[in-house]
Amino acid sequence: MTISASQKRHLRSLAHHLKPVVSVGQHGLSENVFAELEIALDFHELVKVKISGADREDKKTMIETISETCGAYLVQTIGHVAVFFRRNAKKPKVALPKE
């Protein structure tokens, strides 16, 4: 999935007021976390994930793993929160501006 800079800026503005939907705790990424992420991405398309209990390198690895496993685009990271976007092919909810 490729997203232009203007589309990424639009997604960041939409995500600003969102609360984290999924939290990754001290036990890290598990099948349950991925299942919740799949449900949240299918329903919302734009999701905030809170990653706590990890240092910088572990957090970076977790974010890359989430992006690859779920097929989601990383929009931004701020502190312990990452924003992911994945288009729902059947019922798209987020309208992206033209490139």
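Note that the coordinates shown come from a computational prediction; the quantities given were computed from them, not determined experimentally.

## Details of helix α3 (residues 56-70)
The end-to-end C-alpha separation of α3 is 21 Å, in line with the 21 Å expected for 15 residues at 1.5 Å each. Residues Lys 59, Met 62, Ile 63, Ile 66 and Cys 70 constitute the buried set of α3. What you see down the axis of α3 is that its buried residues fit within an arc of 100 degrees, all on one side. Along α3, the residues that are exposed and aim more than 90 degrees away from the buried face are Glu 57 and Glu 68. Residues of α3 that are buried make contact with β1 (22-24), α2 (31-44), β2 (46-51), β3 (73-78) and β4 (81-85). With its phi angle positive at about 70 degrees, Gly 71 sits one or two positions after the end of α3.

Parameters at a glance
- Residues numbered from 1 in each chain as written.
- Predicted model: local features only at pLDDT ≥ 70, side-chain atom pairs only at ≥ 80, totals over all residues.
- Heavy atoms only, no water.
- Helix = DSSP H or I, 4+ residues; strand = E, 2+ residues; numbered from the N terminus.
- Expected span 1.5 Å × (residues − 1).
- Buried < 20%, exposed > 50% of the residue type's maximum accessible area, 1.4 Å probe, protein only.
- Arc of directions from axis to C-beta.
- Contact = heavy atoms within 4.5 Å.

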